[in-house]
Each structure stands twice: as structure tokens, then as C-alpha cells.
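Chains, contacts and geometry: an overview
Below are the chains, spelled out letter by letter.
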Amino acid sequence: MAEAADFQGTSPSPARRWLRRTGAVLAGTPLLAGFLQLPAGSPAEAATSAAPRAASDDGSVAVSVDSLTPGAPSEGDTVTVSGTVTNKGKKAVTDASVGLRVGSLLDTRSSIDTAAKNSGDVDSPAGAEIDDKYTEKFSKLTPGVSQPYTISVPADELDLGQDGVYDLSVTLTGETSDQPWEQTLGVRHTFLPWQPDELDAKTKTTFMWPLVSTVHMTAETGSDEEQTPVFHDDDLAAEISPGGRLDRMVALGKDLDVTWVIDPDLLASVEAMTTRYEIPGENTDDQDVVGGHQEVAKRWLTEVQKAVADKEVVALPFGDPDLASLAHHGTSVTGSLRHLKEATDVAARTVESILYVVPSTDYAWPVEGAVDPSIIKVATSAGADKVIVRGDTFEGGRDLTYTPTAPRPIGGGTTAVVADARLSTVFDGDMTRASASTQAVQRFLAQSLTLALQTDRPRSVVVAPQRTPSAAQAQTMAEAIGALQDSTWSQPQDLTTAAKSKPDPAAGTDVPPASAYPKSLRKQELPRSAFEQIARTQDKLDRFKVILSDQSRVVTPFGRALNRGMAVSWRGRPAEAAIYRSGVETYLDTLSSQVRLIEKSETKLSGRSATIPVTVQNNLVQGVEHLVLRLTSTNPTRLQIDGDAYEEQPVAVSGGHSQSVKFTTNANANGRATVVAQLYTQDGRPYGQPVTFDVKVTEITATVMLVIGGGVLLLVLAGFRMYTQRKRAAARQAEEREQDDAADEADADAADKGAKNPAVSETRPTGESAPRTREDAPEQPSDPAPDTAPESADPSGTGERVDR
């Protein structure tokens, strides 16, 4: 952004640097005169040894400033500076002294940047040293050895005049054996903001405090009633454990006036850890139950709830989707914007259900605040009307000598909330070293005060740091915010209030063109193939969910997994991102294949009509419905299905069961016919793989029918003959019994007469048996058989199973 008098902070020109060095040589002429008595080679050796240091602008002794308190002193305070000095050279340093120097006033923001770049340059102006009593002396500094120092100076002794930022330097002077005169061997420049009185127009500063992590949960869930979640790693447990990155973010942020910016996926993932969850075992088919972090997860969520209770909370879309990747590569893939809308819709519900606060979902936050027209369009497509951008990618305004206020109307009811680039990026880098952390805090305070002194206009400034600060970076940010909240020139403000503040009419509102988008960021974007895979997986999910009796068991975990597949956290990790997306798609394919048709071998039909069963298997834990099974004959001339080329029947199968669906077939000719079984959803889309099998038809011919008919006729005639023969035999037996009865009566009459007339009586010969009747005669083969039930002449039933 344009600023006044930026030239004051530029680095010294080569000519000025030469003059300064020449002056230093002239000032040391008396000392050099004493060396004329030394051997002739000594001055030349001294000049030669001094050359490397001058070329590098870096001293032979490293000076660090590990602590500066208070960061922004007021009248009556005592400024305490502590750190270390380390001899980097090969020669011991003697008569060393560490002192403080107050340099010139740094009255522009660019001059602060320049001073920060040259913070170790011994040739940079350092000002006059403060009274000798505020120094610390070392008789000897051994090479490679560090020595601590602490210097305390009353603020009144620093001779600070005009309000503003001063260059405060810690310098080490001393001698070496090859340069036996007092000289500056090391320096560390830092910043001392001086604003003892309250400003009339304080800067309203908004600091975004992000709770964002990488992707940890998969789409997979257990088959139990609770749907046990599966994590692809257990790294999140380390982040939320005491001392972990996210644990420190919460512990530090709860005492600060900040706006919490939260990815709902992080909250959902930690909540999933509060009960039973799983991570993959050593073998791909094993699942190891992790039970050691439930209490850690519960504690962390409780701490977050306490921290945000009275603070503003901004919810990012679920999974923190990469808006720039979506704009540059995803919009050409059908359905990609649908995922952004879903991620935005679910964000508020997730945060409210876990943290019991109502978040704002009006904000979109592209990576590093870099935008172009396509990113703005995508960012606002899901309902956000405020886009957080960064000042180094957004025009500040023409001829402005100050930093304008944050909100900028960019048309269409959209507001660009421009975060200050210098304040937002000062905490980048390694903050594990105390010297780096202290320098970042002092630089942050210096930039903030210089910004406040630019104009008496009331302004709102937004700070948007890196998305996932480390624990050390979070600690540094907390120190800077704490010092700023105690300052006399700034006051805290939440993000919503800042976005609603009155825009500066002179501020630029033009969205940068696509050509201005940083190439370094474009290289890290998700490719088009990523969005194509997400769209393909969504299409499979749409086909799968319609057959389920309980769609939520699948729609929710897969929907959130697809959101995670678009996350910003995949930037710079293309291989891991591809593995994650493929894992989601593969797992969905595995579930879908649990509902399938059982393979069939060749089936034989030995009649004109029969039924063919086709089995549908459901290995899911829930029932499936809304399916249609179609059986199609590829040769309906030979084989028809229910009198046509195909037949459809609805299918519903309980979880863990199979069901056989029977189709009536009609054979018209002998031979082999191919049949195809295919499942369809109710909207007519094929589901799963078809099953194809052959049906061998053996049709019954007219000749065979005549032979069978003749045989049946012969059986009927034989039966009739047997019936008539039995009837005639019965008649003969009755006639013979009548004749026998008549003979018996005649014999009886004759006997009576013989009794009266013995001469008439006649006796049968002794030993001759009586004549036998027909019943007593042996049975002949030609005699009729015993009576039996008549056989049915109906055709055999067609309900028999014809497959194996």
C-alpha cells in the first residue's frame, strides 16, 4: 500500500556506506599511528582480515535479543533486554562489552521492513550508545561459546522524544588478536514502539484466531449401530493433547480478544474421538480399536466451549474447501459447486451442536487471501457475502499515504475484507527460537503503531495469520496480541463489526485479474482430475443411496468425506490427496458390491414352460429396497420371459439376507438361449454388474406327444378289459353258487326219500374228498390284479427349481 516518505527507510547507498567506512578509518588514525611501530606486515594483515566482514555486513559475533519487556514501554517503565552473544570467529574476543543504542525514528512501514531485513548488519546505523553504566562486559568470548546478557534501562534514560517506532540496537564491541582495537563485532536491531499517551483515534484491530487442522477421518464407519468412525491416522490426538498445537491454540486464545475462525470438520473429528473410534491396523484387513484418547478429546472440546462462550465465532465451510482450486479447476466439472454449498450448509449446524454457539457463515477465506474474479464468484456462490483477502494481493488505492480501512465494496453486494499483509505475515517462519519470536512481536507492534500514526482517520484493521500456526507461532501471536491490547494506540474489535465499518472512499476496490494470482499458489492447487474423481464418486453415491432403507448411514459419512477431499490442507501433498480420494471411492464400491446377483451356470428346461429363479444377495447391515430385477432373453423367438422378451419384478431384501426371484419362461423351440439378469434402481439406472447365463431348451415334439397319448390310451383300454373280466368272473361265481345250492336241495330231498326207502339211498366212496370250488383253485397269471387307485393324468407341476 502506498505510504508517505518511504524513501527514509531504504538501505544505505554504496556511496554513503563508503563514506561511513572512510570516516571510521580516519577516526581511528591515532590508533593506527601507534601500530606504525609494529612490524610492517601487521597493518596489511589487519586490513585483509577485516575485508570478509565488510563484504558480508555481518559481524563475527552473533547477538540475539531473546526478550524485550515491556514490548511497548511508557514513561516510568524500565526496559529490560536479554539474550546471548556467540563468538562465531576463530579468534577469541577480549574486552567485550554489550550495550544498547537508540537509533533514528522509523516513521514509515517500509522503513521497518528494511530494518528487519538488515537486523544483523553491523554497518547499519545504530545511534549513540546509552550511558556506559547500562552495559555488560565480558573479559573474553571463546570461539563457539555463547554468553548470556541482561541489560535494564529506565525508559527515561533512553532519550525518546517524538512518538513513534525507534531502532533499538544491541551491539557487542571488543578486540581480537589480529585486530587489537575496539570495534563493533556484532549487532542485533529490533524495534521499540514509543507511545506513552493515548491516541485520540485508536486503530480498531481484529485478530482472526484459526482452529483448523488437516484431514483425519475417512468415509469408512463400522457396521455397528453407532457407526464407529475410522481415522486414517491418530495424529489429531497429538494435536489436542496437553502441549499439542491445537491445545495451545485454545489455551492461549481463551484470554485474548480475538475472532475464532473454525473448520467444523475439526470439531466433528474430535467429537468422533470422544467415543469408540478405529484406525487401520498393520494389515489392511485389520482394524485396531483405539481407546486411549477419549478423555483427551472430551477435555479439549470442553475447553473450546469455554473459550468461545462470549466470543465471535466464524465457521468456515465444512472441511475448509480450497476455493482457488475450485474456481480454477473445479467449476468446469459438473456438481463441484454443489459440494461447496453442502459444506456451507452443514457448517453452522455442526458448530452449534458441538460448541452451543451460533456461528457466522458469511465469510469466505481463500488461501493466503489471494483472489481473482473467478475466486470471488465461487466464494460467494454458496452464500458468503464477505471475502477475506490480503493487502499484498489487493490494490490499496491511488495516491494514499496511509493504510485504508479493511472493508471494500467490490460489487454485487460483496465486501472484500482486506487483511493487513504486514501484520498477517509477521508470524510466518520458525518461532521456536526466542530471538525470532521476540523480533516478530516487536515488529508486529512497530507496524501497528506506525499504521496508527499515519492519519487521524478512524480505521478498522484485520489480521489474518497462517491457517495452521504451530504451537510456537501461536505463542508468539498471543504475546503480540496481549501487548497490543495493553497498548495506547489500538483497541480490539470483532470481525463482523470490522466488516460493517464505513469503507474508505479512496481505497481501491478493483479485484486483481487472473494474471496477478501468485504462481506459487497456483502450483499447489488441486488438479481437475481431483474434482472429476469427486464427481464420479458422488454419482456412485447417488445410485447407491436410493436403494437403502436408511440412507443417512451412508450419505452423511460419504458426503463429509467428499468435502474433505477438497480441503486446503491437501496443498503441497498431491500424493496423499489422491490416496485419500481413491480410498473414499474404493470403499463406496465395496459397499455397493455387497448388493449383487448370484452367478448362475447353464440351466436346462425340459418342458414347454418352467420357472427360473435368480438370487439377490444383500450383505449390508441394513435392508435394501426400491430395486427392480429385470430378466431379459436375448432370443425371445426361442425363449420368452413371461410371454415377452423380458420381465421385471420389484426386489426388497433384508440386511444380511438373500432372496430368490422366480420368472416364468415359455419355450418355443429347441436349443440354447442366453438370458441376462440385471438390477435397476427405480429411476431406470442399472445397479451393479449383470449376470448372464444360458438356458438349454428341450421342447416336447408332436410325435412324442402322440406316443405318450397312445400309451395313455392303451393303459385306459387295459384297465377297462380288466374291469370287464372281473365283472364276468363275479357273474360266473354267482351262477355256480346258485347251481350248488340247487344241488344241495336236491340231495336233501333224495336223502329224505332214502330214509324212507333205504334201497334208494347211495353212499359216496370212503376216502374221496368233496369237489373243490373256484376259490380254492390256484391263481393263474392271467387273472385280474387287485383294485388300485387310478393314476392322475394331469401334467407334472412346473414349480420345480431348475437351477443348480
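Data block above holds the structure.
First things first, this report covers the structure right here in the doc. Here the structure is a predicted model, which means the values were calculated and not measured.

Digging into the nonpolar core
Phe-544, Phe-558 and Leu-629 are the most contacted members of the largest nonpolar core, which totals 76 residues. In terms of residue count, the dominant contributor to this core is helix H19 (residues 574-592) (six residues). With 65 residues, the next largest nonpolar core counts Ile-112, Met-273, Tyr-277 and Ala-478 among its residues.

Quick notes on the sheet that holds strand E1 (residues 61-69)
Pairing in this open sheet of three strands is antiparallel, and the strands run E1-E2-E6 from one edge to the other. The sheet is open, and its two borders are formed by E1 and strand E6 (146-154), each paired with just one other strand. Across the sheet, the axes of successive neighbouring strands diverge by a mean angle of 20°, strand direction being ignored.

So, the sheet that holds strand E23 (residues 603-605)
The sheet built from five strands is open, its strands ordered E23-E30-E29-E25-E27 with mixed pairing. Both outer strands of the open sheet, E23 and strand E27 (646-653), are each paired with one neighbouring strand and no more. With direction set aside, neighbouring strand axes in the sheet form an average angle of 30°. Note: strand E25 (residues 624-633) against E27, seven bridges, orientation antiparallel. Considered in E27, the bridge of Val-628 is made with Pro-650.

Structural notes on the pattern of salt bridges
Evaluation of the coordinates by the stated rule reveals 31 salt bridges. A salt bridge links Asp-113 to Arg-443; the nearest nitrogen and oxygen atoms lie 3.3 Å apart. Of this pair, Asp-113 sits in helix H4 (residues 109-117) while Arg-443 sits in helix H13 (residues 434-452), placing them 330 residues apart in sequence. In this structure, Glu-368 and Arg-390 form a salt bridge, with 3.9 Å as the shortest nitrogen-oxygen distance. With Glu-368 in the loop between strand E16 (363-364) and helix H11 (373-381) and Arg-390 in strand E17 (residues 386-390), this pair connects stretches of sequence that are 22 residues apart. For Glu-368, a relative accessible area of 42% puts it in the partly exposed group.

With respect to the packing of helix H7 (residues 264-273) against helix H10 (residues 336-355)
Where H7 meets H10, the axes come as close as 9 Å, and the angle between the chain directions of the two elements is 45°. In this view, H7 runs oblique relative to H10, as classed from their interaxial angle. Our pair here, H7 against H10, has a crossing hand that is left-handed. Along the contact surface, H7 presents Pro-264, Leu-267, Ala-268 and Glu-271, while H10 presents Ala-347, Thr-350, Val-351, Ile-354 and Leu-355. The class makeup of the residues in the contact of H7 with H10 is seven nonpolar, one polar and one charged.

Focus: a nonpolar patch on the surface
Together, Leu-713, Leu-714, Val-716 and Leu-717 line one region of the surface with nonpolar side chains, adding up to about 410 Å² of accessible area. As for its position among the elements, Leu-713 is in helix H20 (residues 702-756).

Details of the environment of Leu-266
Summarising the element assignment, Leu-266 is placed in helix H7. For Leu-266, a relative accessible area of 4% corresponds to the buried category. On a C-alpha basis, the gap between Leu-266 and Val-215 in space is 8.2 Å, while along the polypeptide they are 51 residues apart. Residue contacts for Leu-266: discarding those within four places in its chain leaves Leu-211, Val-212, Ser-213, Leu-236, Leu-246 and Trp-300.

Details of the side chain of Lys-600
Along the chain, Lys-600 falls in the loop between strand E22 (595-597) and E23. When its relative accessible area of 13% is taken as the criterion, Lys-600 is described as buried. A polar contact is formed between the side chain of Lys-600 and the backbone oxygen of Pro-613, at a distance of 3.0 Å.

About the thresholds
Sequence order sets the numbering: in each chain, residues are counted from 1 along the sequence as written. Selection of residues for local features in this predicted model requires a pLDDT of at least 70, selection of side-chain atom pairs for listing and counting requires 80 or more, and totals for whole chains, interfaces and linings are taken over all residues. Neither water nor hydrogens contribute to the side-chain values; these are computed over all heavy atoms in the structure. Throughout, nonpolar core names a set of buried Ala, Val, Leu, Ile, Met, Phe, Trp, Tyr and Cys residues whose side chains join them through atoms within 4.5 Å. Note on exposure labels: buried denotes an accessible area under 20% of the residue type's maximum, exposed denotes more than 50%, and partly exposed covers the range between, all computed with a 1.4 Å probe on protein chains only. Helix numbering and strand numbering both begin at the N terminus, where a helix is a DSSP run of H or I of at least 4 residues and a strand a DSSP run of E of at least 2. Two strands are counted as paired when DSSP detects at least two bridges linking them. Every axis corresponds to a line fitted to the C-alpha atoms, with the helix fit spanning only the stretch in contact, and the corresponding angles, defined between N-to-C directions, vary from 0 to 180 degrees. The salt bridge definition used is simple: a Lys or Arg side-chain nitrogen within 4 Å of an Asp or Glu carboxyl oxygen. Here roughly perpendicular refers to angles of 65 to 115 degrees, roughly parallel to angles under 35, roughly antiparallel to angles over 145, and oblique to all remaining angles. Here is the rule for handedness: rotate from the far helix to the near one, and if that takes an anticlockwise turn smaller than a right angle the crossing is left-handed, while a clockwise turn gives right-handed. By the convention used here, residues are in contact when the closest approach between their heavy atoms is within 4.5 Å. Charged residues are taken to be Asp, Glu, Lys and Arg, nonpolar residues to be Ala, Val, Leu, Ile, Met, Phe, Trp, Tyr, Cys and Pro, and polar residues to be all remaining types, Gly included. Patch membership needs two things, relative accessible area over 30% and no salt bridge, and members are linked within 9 Å if like-charged or within 5 Å if nonpolar (Val, Leu, Ile, Met, Phe, Trp, Tyr). Note on areas: Shrake-Rupley with a 1.4 Å probe; residue coverage comes only from the protein chains shown. Side-chain atoms alone can form a polar contact between residues adjacent in sequence; in general such a contact is a pair of N or O atoms within 3.5 Å, and within protein one must be able to donate a hydrogen while the other accepts it.

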